[in-house]
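Spelled out from the first residue to the last, the chains are:
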Amino acid sequence: MADRLESPTTLPVGFGGHQPVVTERTLRRGDRVLCFTDGLIEEHRAGGEQFGEEQLVDCTDRVASEHVSVRAVVRALSHALKHDRGGVTSDDATIFLIEWRGGSSDHLAFFG
């Protein structure tokens, strides 16, 4: 089941944003985090209604229940979202999915 990660947002530093606020969330083995650009949810559906976060969550839940691998979920989600928009987009529409497989975080890089 999808859950929204609550976190304050800012513009990127190079575009006038301030120092970003870091938010922490504990992930369990198998948890997935879907990252996306605002163009994905701000796009209008064929017929005029904005796609929105609620529709993204519903679509993600539906696709994730039908596919197992991260690659298959992203591919199917991309196709489903494009279909819901009538096959066209007017803005960037980028998604990537991260799956936590557990283990130590010692190997992860920190950029400060």
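In this report, we go over the structure that sits alongside the text. Remember, it's a predicted structure, so these values are computed and weren't measured experimentally.

### Remarks on the overall build of the protein
For the protein, the helix and strand inventory stands at three helices and two strands. Seen in sequence order, the protein has helices and strands lined up from the N terminus as β-α-α-α-β. Counting over 112 residues, the protein shows a buried share of 19%. Once local pairs closer than 6 in sequence are excluded, the contacts in the protein between residues at least 24 apart make up 58%. For the protein, the exposed area adds up to about 8,700 Å²; of that, 54% sits on carbon and sulfur atoms.

### Here we look at the packing of helix α2 (residues 52–66) against helix α3 (residues 70–84)
For any two helices packed against each other, the geometry comes down to the angle between their axes and how far apart the axes lie. Remark: α2 packs on α3, axes separated minimally by 9 Å, with the N-to-C direction vectors making an angle of 135 degrees. In terms of orientation, α2 lies oblique with respect to α3. Note that α2 runs across α3; the crossing there is right-handed. In contact with Leu56, Cys59, Thr60, Arg62, Val63 and Ala64 of α2, α3 contributes Val73, Ala76, Leu77, Ala80 and Leu81. Residues belonging to the contact of α2 with α3 are distributed by class as follows: nine nonpolar, one polar and one charged.

### Overview of the pattern of salt bridges
For the structure shown, the criterion picks out two salt bridges. With a shortest N-O distance of 2.6 Å, glutamate 99 and arginine 32 are connected by a salt bridge. Here arginine 32 lies in strand β1 (residues 32–36) and glutamate 99 lies in strand β2 (residues 95–99), a separation of 67 residues in the sequence. Given a relative accessible area of 25%, glutamate 99 falls into the partly exposed group.

### Brief notes about the environment of glycine 102
By the secondary structure assignment, glycine 102 is in the segment after β2. With 75 residues separating them along the chain, glycine 102 and leucine 27 place their C-alpha atoms 8.3 Å apart.

### Regarding α3
With 15 residues, α3 extends 21 Å between its outermost C-alpha atoms, agreeing within 8% with the 21 Å of an ideal straight helix rising 1.5 Å per residue. Residues of α3 that are buried include every one of Val73, Ala76, Leu77, Ala80 and Leu81, and no others. An end-on view of α3 places all buried positions within 135 degrees of arc, on one side of the element. Of the exposed residues in α3, the ones pointing more than 90 degrees away from its buried face are Arg71, His79 and His83. Directly beyond the C-terminal end of α3, a positive phi value near 75 degrees is found at glycine 86.

### Observations regarding the nonpolar core
Ranked by size, the top nonpolar core spans 13 residues in total, and within it Leu40, Leu56, Cys59, Val63, Leu77 and Leu81 carry the most contacts. Those elements that provide at least two residues to this core are α1 (38–42), α2, α3 and β2. Broken down by element, this core gets its largest block of residues, five residues, from α3. Other than its neighbours up to four places away in sequence, leucine 40 contacts Phe51, Leu56, Leu81, Arg85, Asp92, Ala93 and Ile95.

About the cut-offs
Residues numbered from 1 in each chain as written. Predicted model: local features only at pLDDT ≥ 70, side-chain atom pairs only at ≥ 80, totals over all residues. Heavy atoms only, no water. Helix = DSSP H or I, 4+ residues; strand = E, 2+ residues; numbered from the N terminus. Buried < 20%, exposed > 50% of the residue type's maximum accessible area, 1.4 Å probe, protein only. Contact = heavy atoms within 4.5 Å. Areas by Shrake-Rupley, 256 points an atom, 1.4 Å probe, with all protein chains shown as cover. Axes fitted to C-alpha atoms, helices over the stretch in contact; angles between N-to-C directions. Parallel < 35°, antiparallel > 145°, perpendicular 65-115°, else oblique. Left-handed = near helix turned anticlockwise from the far one by under 90°. Nonpolar A, V, L, I, M, F, W, Y, C, P; charged D, E, K, R; others polar. Salt bridge = Lys/Arg side-chain N within 4 Å of Asp/Glu carboxyl O. Expected span 1.5 Å × (residues − 1). Arc of directions from axis to C-beta. Core = buried A, V, L, I, M, F, W, Y, C linked by side-chain atoms within 4.5 Å.

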